[in-house]
Every structure is written in C-alpha cells, then in structure tokens.
Amino acid sequence: MDIRDNHHQNGNYAELIKERLPDDIIEIIHFSQTVASELCCRLFLVGGIVRDLFLGIQNYDVDFVVEGDGIIFAEKLNRIIGGNITIYEKFNTANIVTKKGIEIDIATARRETYKSPAALPQVEKSSIECDLSRRDFTINALAISLNDNTYGELLDYFYGKKDLIDRKIKILHDASFIEDPLRIFRAIRFKHRLNFEIEENTWDLAKRAVESGIFNNITIERVIEELYYIFKEDNNVAMLQDLNKLNILKKIFPEINSWNSVYYLFKKCNESIEWFCRIGERELNIDKIFLYVMIFCYVADDKYTICKKFGLSKVQIETIRNICLYENHIIKELNKRNLTAYEIAIILKGIHNEELVLLTAISYNKKEVKTNIKKYFNNVKQVKLCITGKDIKEYGIKPGPLYKTILDKIYKEKVNGNIHTKEEELELLKVLTEKSREDELFV
Ligand code: CTP
C-alpha cells in the first residue's frame, strides 16, 4: 500500500498497520484497544513509528498517546502483557518493556508551555490536537487512531503526510527552535537518516535561533545527549558538517580548531570499522560513542576541558591520554615489516578495540600498520593459553615473578604458531620448569 492512497479525507491505514507491523506489535495494539474501550479514552499511535510506517522503515518503538490518564492506562495494559513498567508521574508518562523487549511509551495527551526560551517545558493534560501541535516536525506530528470505531484513521493537522511525500523536514511554528534548540540537531539527523530536505524557512529559522545565542541557555549535558544520537547514525559525518554550517559545534566546542580533522577521522574510523569486519572481526565489539568522543578529544587543543564537557570517567580520560602520548610510538613500531605475531602482541598489549580503530584511522595510509593490525586480528587477538599458574604450581614452584616469565615464554611460542594444543603447552612447561630448576631460578 502506498502513502498516496487515500481511503477518505486523511485516509484509513488499518491495512497498512496490518501489512507492515509485526504480529507482536499488532497484538499489543489490540490489547491497548481493549484497555482504551474499558477506560473510555481515545488512544493514538504517534510519532516516529507512524512516520516510519508510512515510509516503510522498520521501527518497533511503540509510541501511544492517551486522551485521559496515561498512567492508569499503562498500568492496566501492563497487567495484561506482564512487561516491565516504569512510571514518570511528573510527566504523566510510562514506559513498558515487554518480555520480548518491545518498548512501549505511553503519554497522556499534553500541552507544553515554556517559561523561558530553551528551558524545560511545563506540562499539563490536554487533547490529541494540542499534543500534536507541540511536536517538532510535521512528519512527526501524525497520529493514527486505535479505538474500535475509528481504528486506522489518520490525524494530520499539519500536512505531515504531504511532507513525507515531498520529503521535507518542516517545523510546525516559527518559535519551535527557540523553545527547543535541540530540535535543530533532530532536523539534521532526520534529514540525513531519511534522505530528506530541510524546508527553507525551517533552515532559516534554525540559523536565526543559533545566531541569537540560543545554545548559551542550554546545559552541555543536554547538547551532548543529542550529539550522541548523531554519533550513533550511519551518516554521522554529514550531520556534523551540517551542524557546523550553522556554526553550532564550533560554538559549543571552541577547543576544536580543525573540524576538517574531526570529519576526516570520523570517516576513516567508519571505514576502519568496516574493514575490521571484513578482515575477520565479524561482530566487532566496540563502543562507538566512546570512539567518536575520543576523536573530539584527540583533535581538541584543550583536551582537559573537552573531556570534562563529555563527563568522561577517569578510566576513559586515561585511555585518551595514553593514545595521545603513545600513538606516535605505537604507529612507529607497527609500521615495520615482518613483525612476528608475538612482537605485534607486545606492541598492542591491553589495547581496546576503540583505540585500535582510532590508530588505524590516524595511520590510514601506512601499509605496514594495516598489515600488522590485520595480523593482530587474525593471528594474535584470539590466542589464549590453556594452562594457568595452577599448572606451574604442580611443579612445586612457589608463586612469584617466575610464573609470568614462564607463561610469557609459552605464550610467545603459541602466538608465533610453534605450539597449538594444551598438551604442547604442558610439554613446554615441563621443559621450562626443568630448565629453571637447573638455573636455580626457584624463588
Ligand atoms: N518529539 C518532539 N520534540 C522533541 C523530541 C521528540 O516533538 N525534541 C516528539 C516527536 O513527535 C517524535 C516523538 O516525540 O516523533 C518521539 O521522540 P523520539 O523517540 O525522540 O523520536 P522518534 O521520532 O521516534 O525518532 P527516532 O526514530 O530517532 O527514535
């Protein structure tokens, strides 16, 4: 079914729901319908799931708005589905995570008023129309009715469906970015994720809001939370570039002078991640957000201030410090021909995947570095000893530094491919303990 098909004025999309949403969500919708009719309240599917339903994009985060009491509704619904419920009294909202991991957000239809520009809003109960009119973009202000008699009917007060067809990101009213400047981040995020355009007036208003200094009224924590959503997107470089077309990041992070270096490293890190996956690390375990934060810190002139802005832990700051201190040394050592697997293991000992991705990005055109990192993934990383200190103890050696020496020698032979099995490790252990006995190396 196409979004252009109109069944009546705004269209009825019961069929689309049936076609595009998985059975688990349809089941949740039916339970919710029952609860809504018991409570005699109007119930709607809203926000991102409706937008993506029309676009044919998979989105299983269920967003309900209830005209009435959202919390009572959520509690009643959860009694049926037996999920994990969290209630936010202050906002009249609730969140349920079902046993299968589906997230359901339930909100009471509300009106929001802003005491001052960019402040957090005051919330009061209202109608679905008011609720939709407080939202960010026309494409996110669509609702589908879920009550029995109106099931599937679309509420489209702001021509969101037309903007979905025209692929436009458009705010609902001129003060939108003044009320919530973080919507500028969202506009850019949706633009690149969905391959839409930001409508001209919307872009101009974003520009003016930034020029008025609106971001000075927002805490850095809120900005960073929104920035992390951008980090998580595939097209994050284009998003950062757009943010800087509006001078946003430049103003928030004056510690960074070379934004081109940031974009370059983001691109190269993204390529490195793909490359790592191709060369064998199919499921690379990596904290992407921390990787991108590392790039910001690595490029910044004043690293301390920027680490503080990101609220990094001591361990994270230490990791960044190490990369900055030792990157030249590590790259120099890795940029050598014919390194053995053991030599590579020593150079990269204790390194995290995020650091490795960044190192690869920094030294992107150094052939030997890449060869050795590939070797690290293929021949080094997965090599672990089967024997432990316990096996050494059986030879009557007292625990001490000798243990490390012995284990290291066995590891060297294993990682270099000279021994492979536990039996071979034990054989070598025997030889080494006898040798250390002869050398009177007992502690
Ligand atoms: N919303 C808004 N203004 C914001 C944040 C959210 O109006 N600053 C509204 C939008 O209607 C949005 C809905 O709340 O669709 C849900 O927000 P969220 O889950 O953050 O966004 P989604 O649209 O679901 O986008 P995503 O796919 O990134 O989760």
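As a reminder, the structure under discussion sits directly above these lines.
Before going into details, it helps to say that this report is about the structure given with it.

## A look at the sheet that holds strand β2 (residues 62-67)
In a beta sheet, neighbouring strands pair by backbone hydrogen bonds and run either parallel or antiparallel.
Phase 1: Taken in spatial order, the seven strands make up an open sheet running β3-β4-β5-β2-β1-β8-β9, and their pairing is mixed. Each end of this open sheet is capped by a strand with a single partner; those strands are β3 (84-88) and β9 (154-155).
Phase 2: Alignment of strand β1 (residues 42-46) against β2, held across four bridges, turns out to be antiparallel. Note on β2: the bridge partner recorded for Leu45 is Phe64.
Phase 3: In the packing of helix α2 (residues 23-39) onto the sheet, contacts are made with β1, β2 and β5 (103-108), and the angle to β2 comes to roughly 10 degrees.
Phase 4: Across the face of the sheet, helix α3 (residues 48-55) comes into contact with β1, β2, β8 (143-145) and β9 while running at roughly 60 degrees to β1.

## Remarks on the packing of helix α8 (residues 182-194) against helix α11 (residues 236-245)
Phase 1: In the contact formed by α8 and α11, the axes pass within 9 Å of each other and the chain directions differ by 140 degrees. Relative to α11, the element α8 is oriented oblique. Seen along the crossing, α8 lies across α11 with a hand that is right-handed. Where α8 approaches α11, its residues Phe185, Ile188, Arg189, Lys191, His192 and Arg193 are matched on the opposing element by Ala238, Met239, Asp242 and Leu243.
Phase 2: Residues of the contact of α8 with α11, tallied by class, amount to five nonpolar, one polar and four charged.

## A closer look at helix α4 (residues 70-81)
For an α-helix the count is 3.6 residues per turn, leaving residues at separations of three or four pointing the same way.
Phase 1: Taking 1.5 Å per residue as the helical rise, α4 with its twelve residues ought to reach 16 Å, and the 16 Å between its terminal C-alpha atoms agrees with that figure.
Phase 2: By the burial criterion, the buried members of α4 are Gly70, Ile71, Phe73, Ala74, Leu77, Asn78 and Ile81. All buried residues of α4 project into a common sector of 155 degrees when viewed along the axis, lining one side.
Phase 3: Where α4 is buried, its residues meet α2, β1, β2, β3, β4 (93-97) and β5.
Phase 4: Positive backbone phi, at 60 degrees, marks Gly82, one or two positions downstream of α4.

## Quick look at the side chain of Thr93
Phase 1: Looking at the secondary structure, you find Thr93 in strand β4.
Phase 2: What makes Thr93 buried here is its relative accessible area of 13%.
Phase 3: Among residues more than four places away in sequence, those in contact with Thr93 are Ile71, Thr86, Ile87, Tyr88, Ile106, Ala107 and Arg110.

## Brief notes about the site of the ligand
Phase 1: Taken together, the neighbourhood of the ligand is formed by 13 residues, with Arg51, Arg135, Asp136, Asp180 and Arg193 sitting nearest.
Phase 2: The contact in question runs from a nitrogen atom of the ligand to an N or O atom on the side chain of Asp180, over 3.0 Å.
Phase 3: In the complex, the protein chains occlude 72% of the 560 Å² of accessible area that the ligand would expose alone.
Phase 4: Broken down by secondary-structure element, the contributors of at least two residues to the shell around the ligand are α3 and α8.
Phase 5: The biggest single contributor to the shell around the ligand is α8, with five residues.
Phase 6: Looking at the shell around the ligand residue by residue, the classes come out as one nonpolar, three polar and nine charged.
Phase 7: Here the shell around the ligand spans two domains, since at least three of its residues come from each of domain 1 (1-166) and domain 2 (169-252).

## Some details on the packing of aromatic side chains
Phase 1: By the definition in use, this model includes 21 aromatic pairs.
Phase 2: Where Trp259 meets Phe296, the ring centres are 5.5 Å apart and the plane angle is 80 degrees; that geometry is what we call edge-to-face. Separated by 37 residues along the polypeptide, Trp259 in helix α13 (residues 259-278) and Phe296 in helix α14 (residues 288-299) bring together distant segments of the chain. By the burial criterion, Trp259 is buried, and Phe296 matches it.
Phase 3: Members of the aromatic cluster, each reached through a chain of ring pairs, are Tyr228, Phe231, Phe253, Trp259, Tyr263, Phe266, Tyr292, Phe296 and Phe310.
Phase 4: Its end group placed over the ring of Phe190, Arg189 keeps NZ or CZ at 5.3 Å from the ring centre.
Phase 5: If you follow Lys268 out to its NZ or CZ, it ends over the ring of Tyr364, 4.4 Å from the centre.

## Points about the environment of Gly48
Phase 1: Here Gly48 is to be found in helix α3.
Phase 2: Residues Gly48 and Leu142 lie 94 residues apart in sequence; the distance between their C-alpha atoms is 8.9 Å.

## Focus on the environment of Arg51
Phase 1: For Arg51, the location among the structural elements is in helix α3.
Phase 2: Owing to a relative accessible area of 3%, Arg51 belongs among the buried residues under this scheme.
Phase 3: C-alpha of Arg51 to C-alpha of Asn140: the two residues are 89 residues apart in sequence and 6.2 Å apart in space.
Phase 4: Apart from the residues lying within four places of it in its own chain, the contact partners of Arg51 are Asn59, Ile139, Asn140, Leu164, Phe190, Arg193 and Leu194.

## A few points about helix α18 (residues 353-362)
Phase 1: With nine of its ten residues buried, α18 lies for the most part within the structure.
Phase 2: Buried residues of α18: Asn353, Glu354, Glu355, Leu356, Val357, Leu358, Leu359, Thr360 and Ala361, and no others.
Phase 3: At its buried positions, α18 is contacted by α13, α14, α16 (314-334) and α19 (367-380).

## What to know about the pairing of β1
Phase 1: Taken across its five residues, β1 has four buried, putting it largely inside the fold.
Phase 2: In this sheet, β8 lies alongside β1 in antiparallel orientation, the contact comprising three bridges. By the bridge assignment for β8, Leu45 is matched with Ile144.

## What about the nonpolar core?
Phase 1: Phe64, Phe253 and Phe296 are the most contacted members of the largest nonpolar core, which has 126 residues in total.
Phase 2: With residues near it in sequence (within four places) discarded, Phe253 still touches Ile224, Leu227, Trp259, Phe296, Ile306, Lys309 and Phe310.
Phase 3: Among the nonpolar cores identified, the runner-up in size contains ten residues, and Ile392, Leu402, Ile410 and Leu429 belong to it.

## Observations concerning the layout of surface pockets
Phase 1: For the second largest pocket, the calculated volume is near 380 Å³.
Phase 2: Lining the second largest pocket are 17 residues, and of these Ala345, Lys349, Val383, Asp408 and Tyr411 lie nearest its centre.
Phase 3: When residues of the lining of the second largest pocket are traced back to their parent elements, those giving at least two are α17 (341-347), α19 and α21 (401-415).
Phase 4: Broken down by element, the lining of the second largest pocket gets its largest block of residues, four residues, from α21.
Phase 5: Of the residues in the lining of the second largest pocket, the class split is eleven nonpolar, one polar and five charged.
Phase 6: Looking at the lining of the second largest pocket, you find at least three residues from each of domain 3 (286-380) and domain 4 (389-438).

Quick notes on the rules
- Residues numbered from 1 in each chain as written.
- Predicted model: local features only at pLDDT ≥ 70, side-chain atom pairs only at ≥ 80, totals over all residues.
- Heavy atoms only, no water.
- Pairing = 2+ DSSP bridges.
- Helix = DSSP H or I, 4+ residues; strand = E, 2+ residues; numbered from the N terminus.
- Contact = heavy atoms within 4.5 Å.
- Axes fitted to C-alpha atoms, helices over the stretch in contact; angles between N-to-C directions.
- Parallel < 35°, antiparallel > 145°, perpendicular 65-115°, else oblique.
- Left-handed = near helix turned anticlockwise from the far one by under 90°.
- Nonpolar A, V, L, I, M, F, W, Y, C, P; charged D, E, K, R; others polar.
- Expected span 1.5 Å × (residues − 1).
- Buried < 20%, exposed > 50% of the residue type's maximum accessible area, 1.4 Å probe, protein only.
- Arc of directions from axis to C-beta.
- Near = heavy atom within 4 Å.
- Polar contact = N/O pair within 3.5 Å; in protein donor to acceptor, adjacent residues only side chain to side chain.
- Areas by Shrake-Rupley, 256 points an atom, 1.4 Å probe, with all protein chains shown as cover.
- Domains from an automatic or database assignment.
- Phe/Tyr/Trp six-rings, centres within 6.5 Å; stacked < 30°, edge-to-face > 60°.
- Lys NZ or Arg CZ within 6 Å of the ring centre and 35° of its normal.
- Core = buried A, V, L, I, M, F, W, Y, C linked by side-chain atoms within 4.5 Å.
- 1 Å grid on protein atoms, 1.4 Å probe; cavity = no way out; pocket = protein on both sides within 12 Å on 5 of 7 lines; lining within 4 Å.
- Points joined across faces, edges and corners; volume = space filled by probe spheres on them.

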